[in-house]
Amino acid sequence: MDMDLKGKTALVTGGVRGVGRGIVLTLARAGMNVTTCYRQESEAVETLRRELKETGGRHHVVRADLSDPGEVESLLDRCAEHAGSLDLVVNNAGVISHVPYAELPLDEWNRVVATNLTAPFLVIRHALPLLGEGASVVNIGSKAAEVGIPMRAHYTATKSALVGLTRSLAKELGPKGIRVNVLALGVIETEAMEAMPEEQRSAMRERYEAKTALGRLGTPEEVGSAVLFLAGPASRYVTGATVHVDGGIT
């Protein structure tokens with residue numbers, strides 16, 4: 001299906017690895033010009049740059065620590081310089097840790113909140129002058145927001161808050177023709193899982209495949225396809241929604 005996205009512009013935060021990388025490459029292959037960011041230099045940064053160059057289009061892979069409000073502002077300034085406007089913003093960058101609630105340090109709470117919730121707030125706010133009628137904002141959430149997960153209270157709290165932010169902004173920005181939605185992800189198979197020891201990886205895959213209606217884990221490219229839908233005209237009457245990309249996990 002023609003998504004009518006060729007030549008459109010997108011910002012995807014945290015797009016060098018995992019789900020974010022899948023989103024970036026999916027959008028680029030659909031003809032969008034994509035800006036993405038990373039926090040630390042790595043081989044993944046260079047391989048993404050090469051893949052985007054081979055794909056064609058005007059793409060930018062820039063360094064930005066989204067836990068720093070000043071760097072968020074600078075990132076959006078660069079988007080304005082590169083493209084002048086944005087048709088799509090995807091808030092994908094996020095962090096996670098596993099800490100018993102009774103032992104959760106305030107510093108760790110603040111770190112997770114800064115990246116998973118405050119950064120999307122700032123990204124959207126600074127992007128507003130670049131977003132026109134028909135633009136789309138997609139926040140990457142998690143099924144964890146609905147079910148809760150032990151030792152991830154801080155992470156789950158940010159993903160739950162992201163749903164509330166999405167619904168409120170959908171109503172506030174709707175009169176301007178800007179749509180805001182959230183994708184609630186299930187278990188997505190990324191290179192982080194591939195880096196696990198074989199026994200741990202196999203046990204994790206078996207556990208979650210058994211909980212999932214489709215009997216398998218998701219891929220970053222499948223998340224990218226959902227973002228494509230929410231970016232294009234086929235979803236022009238979809239806003240304030242939580243779209244589950246979880247394979248029917250229970």
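Just so it is clear, the model here is predicted, and its values are computed rather than measured.

Here is what the cut-offs are and how they apply
Residues numbered from 1 in each chain as written. Predicted model: local features only at pLDDT ≥ 70, side-chain atom pairs only at ≥ 80, totals over all residues. Heavy atoms only, no water. Helix = DSSP H or I, 4+ residues; strand = E, 2+ residues; numbered from the N terminus. Rg over C-alpha atoms; globule rule 2.2 N^0.38 Å. Buried < 20%, exposed > 50% of the residue type's maximum accessible area, 1.4 Å probe, protein only. Contact = heavy atoms within 4.5 Å. Areas by Shrake-Rupley, 256 points an atom, 1.4 Å probe, with all protein chains shown as cover. Lys, Arg positive; Asp, Glu negative; His and termini not counted. Charge placed at Lys NZ, Arg CZ, Asp CG, Glu CD. 1 Å grid on protein atoms, 1.4 Å probe; cavity = no way out; pocket = protein on both sides within 12 Å on 5 of 7 lines; lining within 4 Å. Points joined across faces, edges and corners; volume = space filled by probe spheres on them. Nonpolar A, V, L, I, M, F, W, Y, C, P; charged D, E, K, R; others polar. UniProt positions renumbered as here; feature names shortened; annotations may be inferred. Expected span 1.5 Å × (residues − 1). Pairing = 2+ DSSP bridges. Axes fitted to C-alpha atoms, helices over the stretch in contact; angles between N-to-C directions.

1. Topic: the overall build of the protein chain
Then, in step 1: If you tally the helices and strands in the protein chain, you get nine helices and seven strands.
Then, in step 2: Expected size for 250 residues packed as a compact globule is a radius of gyration near 18 Å; at 17 Å, the protein chain falls within 12% of this value.
Then, in step 3: Across its three principal directions, the C-alpha atoms of the protein chain cover 45 × 35 × 35 Å.
Then, in step 4: Residues classed as buried in the protein chain amount to 48% of the 250 residues present.
Then, in step 5: Restricting the contact set of the protein chain to residue pairs at least 6 apart, pairs at least 24 apart contribute 74%.
Then, in step 6: Of the roughly 12,300 Å² of accessible surface on the protein chain, 52% is carried by carbon and sulfur atoms.
Then, in step 7: Side chains of the protein chain give 27 positive and 30 negative charges; the mean places of these two sets differ by 4 Å.

2. Here's the deal with empty space enclosed by the protein
Then, in step 1: Counted by the stated rule, this structure contains one cavity of 30 Å³ or more.
Then, in step 2: Counted as a void, the largest cavity has a volume near 60 Å³.
Then, in step 3: Taken together, Thr13, Leu66, Asn91, Asn92, Ala93, Thr115, Asn116, Ala119, Pro120, Ile140, Lys159 and Leu162 make up the full set of residues lining the largest cavity.
Then, in step 4: Listed by contribution, the elements that provide at least two residues to the lining of the largest cavity are α4 (106-127) and α6 (153-173).
Then, in step 5: Per-element tally for the lining of the largest cavity: the top contributor is α4, with four residues.
Then, in step 6: Taken together, the residues that form the lining of the largest cavity break down as six nonpolar, five polar and one charged.

3. Quick notes on the UniProt feature "domain: Ketoreductase" (unreviewed entry) in the protein chain
Then, in step 1: Under the local residue numbering, the UniProt record ascribes the feature "domain: Ketoreductase" (unreviewed entry) to residues 8-191.
Then, in step 2: Helix makes up 48% of residues 8-191 and strand 21%, and the two end C-alpha atoms of the span are 29 Å apart.

4. Side note on the side chain of Asn116
Then, in step 1: The topology assignment puts Asn116 in helix α4.
Then, in step 2: Look past the residues within four positions of Asn116 in its chain and what remains in contact with it is Ala93, Gly94, Val95, Tyr155, Thr158, Lys159 and Leu162.

5. With respect to helix α1 (residues 18-29)
Then, in step 1: With 12 residues, α1 ought to run about 16 Å at 1.5 Å a step, and its terminal C-alpha atoms sit 17 Å apart, in line with that.
Then, in step 2: The buried fraction of α1 amounts to 11 of the 12 residues, a majority that puts the element mostly inside the structure.
Then, in step 3: Within α1 the residues assigned to the buried category are Gly18, Val19, Gly20, Arg21, Gly22, Ile23, Val24, Leu25, Thr26, Leu27 and Ala28.
Then, in step 4: Residue Gly31 follows α1 closely and has a positive phi angle near 100°.

6. A short note on the layout of surface pockets
The method is simple in principle: a probe with the dimensions of a water molecule rolls over the atoms, and the space it marks as empty is what remains.
Then, in step 1: In this structure, the second largest pocket encloses a volume near 210 Å³.
Then, in step 2: Residue lining of the second largest pocket: 14 residues in total, with Lys8, Gly134, Ala231, Gly232 and Pro233 positioned closest to the centre.
Then, in step 3: Secondary-structure elements contributing two or more residues to the lining of the second largest pocket are β4 (86-91) and β5 (131-142).
Then, in step 4: Here the lining of the second largest pocket gets four residues from one element, more than from any other, and that element is β5.

7. Re the sheet that holds β4
Then, in step 1: What the seven strands build is an open sheet, ordered β3-β2-β1-β4-β5-β6-β7; its pairing is parallel. Only two strands of the sheet have a single partner each, and these edge strands are β3 (60-63) and β7 (242-245). The average angle at which neighbouring strand axes cross in this sheet is 20°, direction not considered.
Then, in step 2: When strand β1 (residues 9-12) meets β4, the two strands line up parallel, connected through three bridges. Bridge pairing in β4 places Val12 opposite Val90.
Then, in step 3: Packed on one face of the sheet, α1 meets β1, β2 (33-38), β4, β5 and β6 (179-185) and runs near 175° to β1.
Then, in step 4: Sitting on the sheet, helix α9 (residues 220-231) is in contact with β4, β5, β6 and β7, with an inclination near 160° to β6.

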